[in-house]
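# Chain and residue survey
Now for the letters of each chain:
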Amino acid sequence: MTTSFKRLVKALNKQNLSVTKANSVYQIAKKGKNSVSSVQILLPEHFDLDGKALKQLMSFAEAYHPNGGAVKAVRATPDFHAGSLVPVGAVLSTTKDFIIPQAIGTDIHCGMRLHVADIDIALWQEKKPLLVEKLRGDLLLGSRDLPMAISSFAALFQNGLLGWIDEIKKHPMGDLQTADFNQLENELESIFEYGSLQGSCKWAPESHTADKRNRIRDASLATIGGGNHFVEFQYLEDIADNKQAFAWGLRKGQLSVMIHTGSRALGLHVGNYWSDKAKRAWPNGKKFPEAGIFPLYGELANDYFSAMNTAANYANLNRLLLAEIVRRRIREVFGANIEMPLVYDAPHNIVTQESDCYVHRKGATPAHAGQPVLIPGSMGHPSYLMMGLGNQAFLCSASHGAGRAKPRHEMFRLNRDGKDIGLGCIDCITLKEDRRIEEAPGAYKDINAVVDVQIQNGIVSPVAKLAPLLTFKG
DNA sequence: ATGTGC
């Protein structure tokens, strides 16, 4: 549901909300008392503000816990749209004793990873059939059973990739025995927080603790997953900032590999468990929150934080392993000397501790000063590598993509009616024909407008433009 | 997004 601004103002007034608009920023406030300090939404000029998404956002802005703690500020990125409960593209800062598990949901530490490779695009096109043939068996898997030692899982859960690398050297698994661990270790510095968050084995769900045969049943490590997740080959089409591009190892004309996935089944379990737990832990006799949003306060908030980090560490390894699989195939096809260095790996679905706040980012990516920011378009539109500018007023956050413009069912309807949904020149490899339709370029908003408004508002600055060549979808 | 659902 969308409305024009005038109708929006009217509609909001009825809900006792006031709205003002300065340039591209909507400022929403609750009339009267107890309003949160600030709710702002950044939108390109010709974008409509989605009423459902706004309603969801305001519910989170008003979240409270009877024992204390509070939401301090709320922002929405230009790819903002409604989700099932939480709007996608939402950033919340809260006091450090207050976390809302539902504000992150189940796709914990979902994020983007970008590698580049010095491979001539004409050569890549020539060898593409061979590469695809090899990668089909690697990437089009819904599940897999990696032979990873329990001790490696434990190290990963507790200490993330730093712990995992130490352990995996002692207990190599399958194909990874041939991985270049020095390179993997060096690349940790190009991962958000070194891919190493403070988690704990005690929060691993039952599916990820040793069974009677002393094995861990894990079916989703090194898999892409569904929905908008992908592994994509791209062409580095244009550079906007030569100095920064050079510093990050980028060159015009390079091949790039972009990976979008998260913590899969593990994040689902942790997210569901803690969203439930927050409800169960609601103080006796206190009125349930109307919007069904249950924050955690105090010790439980800390416990959630380490459980969430446990799943986040898994997501970090998931992206690393997918990249490693692609790197191995690239070397088989184009030569063992191809490095395919990591540019950056960052989450867009996570709670972080920043100064005296918890910052919840749901479909929003950190954009601290100097930090690489990855903003994917769609399989028919370019993706952008940006640099964060550390815009405090916008909670140091940028959009995590173009944003979905049309719901899935509408894409199927348009396709049935023979409408152009942008799949004309798309090279998408998937076992699910439905996926191509749901994820068609026509389902997404205008990435250039989304990126430009963030540049104009001092959130990010452009570094490089990446054009899609071939997308693998789960 | 996703444990797959009766």
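Residues numbered from 1 in each chain as written. Chains lettered and ligands numbered in written order. Predicted model: local features only at pLDDT ≥ 70, side-chain atom pairs only at ≥ 80, totals over all residues. Heavy atoms only, no water.

## Description of the sheet that holds strand E3 (residues 25-30)
One open sheet holds the seven strands; their spatial order is E2-E3-E4-E6-E7-E15-E14, and the pairing between them is mixed. Both edges of this open sheet fall to strand E2 (17-22) and strand E14 (349-354), since each of them pairs with a single strand only. Pairs of neighbouring strands in the sheet enclose a mean axial angle of 15°, with direction left out of account. Note: strand E7 (residues 88-95) against strand E15 (residues 357-362), six bridges, orientation antiparallel. From the neighbouring strand, Leu92 faces E15, where its bridge partner is His360. (Pairing = 2+ DSSP bridges. Helix = DSSP H or I, 4+ residues; strand = E, 2+ residues; numbered from the N terminus. Axes fitted to C-alpha atoms, helices over the stretch in contact; angles between N-to-C directions.)

## Section: the side chain of Asn316
Position of Asn316 relative to the elements: it lies in helix H8 (residues 299-334). Taking relative accessible area as the criterion, Asn316 reaches 1% and is therefore assigned buried. One polar contact links Asn316 to His109, side chain to side chain, over a distance of 3.2 Å. Among the polar contacts made by the side chain of Asn316, one reaches the main-chain carbonyl oxygen of Gly195 at a distance of 3.3 Å. Look past the residues within four positions of Asn316 in its chain and what remains in contact with it is His109, Leu161, Ile191, Gly195, Ser196, Leu197 and Asp345. (Buried < 20%, exposed > 50% of the residue type's maximum accessible area, 1.4 Å probe, protein only. Polar contact = N/O pair within 3.5 Å; in protein donor to acceptor, adjacent residues only side chain to side chain. Contact = heavy atoms within 4.5 Å.)

## A word on the packing of helix H3 (residues 121-139) against H8
In contact at an axis separation of 10 Å, H3 and H8 are set at 135° when each is read in the N-to-C sense. Here H8 runs oblique to H3, going by the angle between their axes. The interaxial crossing formed by H3 with H8 has right-handed handedness. Taken together, the residues of H8 that come into contact with H3 (itself represented by Leu123, Trp124, Lys127, Leu130, Leu131, Lys134, Leu135, Asp138 and Leu139) are Leu322, Ile325, Val326, Arg329, Ile330, Glu332, Val333 and Phe334. When its residues are assigned to classes, the contact of H3 with H8 shows 12 nonpolar, no polar and five charged. (Parallel < 35°, antiparallel > 145°, perpendicular 65-115°, else oblique. Left-handed = near helix turned anticlockwise from the far one by under 90°. Nonpolar A, V, L, I, M, F, W, Y, C, P; charged D, E, K, R; others polar.)

## Points about the pattern of salt bridges
Once the charged atoms of two side chains with opposite charge are near each other, the side chains can pair. One pass over the structure, following the stated rule, counts 26 salt bridges. Across the salt bridge formed by Arg113 and Asp345, the nearest N and O atoms sit 3.0 Å from each other. On the criterion of sequence distance, the pair formed by Arg113 in strand E9 (residues 111-117) and Asp345 in strand E13 (residues 342-347) is long-range, its members being 232 residues apart. Exposure class is identical for Arg113 and Asp345. Each is buried. Measuring nitrogen to oxygen at the nearest pair gives 2.9 Å for the salt bridge that ties Arg361 to Glu354. Each member of the pair, Arg361 as well as Glu354, carries the same accessibility label: buried. The network of salt bridges with common partners includes Lys134, Asp138, Arg329 and Glu332. (Salt bridge = Lys/Arg side-chain N within 4 Å of Asp/Glu carboxyl O.)

## Structural notes on the packing of aromatic side chains
Across all of its chains, the model carries nine aromatic pairs by this definition. In this structure an aromatic cluster arises from ring pairing among Tyr64, Trp282, Phe288 and Phe294. Taking the ring centre of Trp274 as reference, the NZ or CZ of Lys277 above it sits at 5.3 Å. The ring of Tyr273 carries the charged tip of Arg280 above its face, separated from the ring centre by 5.9 Å. (Phe/Tyr/Trp six-rings, centres within 6.5 Å; stacked < 30°, edge-to-face > 60°. Lys NZ or Arg CZ within 6 Å of the ring centre and 35° of its normal.)

## Overview of the environment of Ile293
With respect to the helices and strands, Ile293 occurs in the loop between helix H7 (264-280) and strand E12 (296-297). With a relative accessible area of 3%, Ile293 lands in the buried category. The residues touching Ile293, leaving out its near neighbours within four places in the chain, are Ser59, Phe60, Ala63, Ile100 and Gln102.

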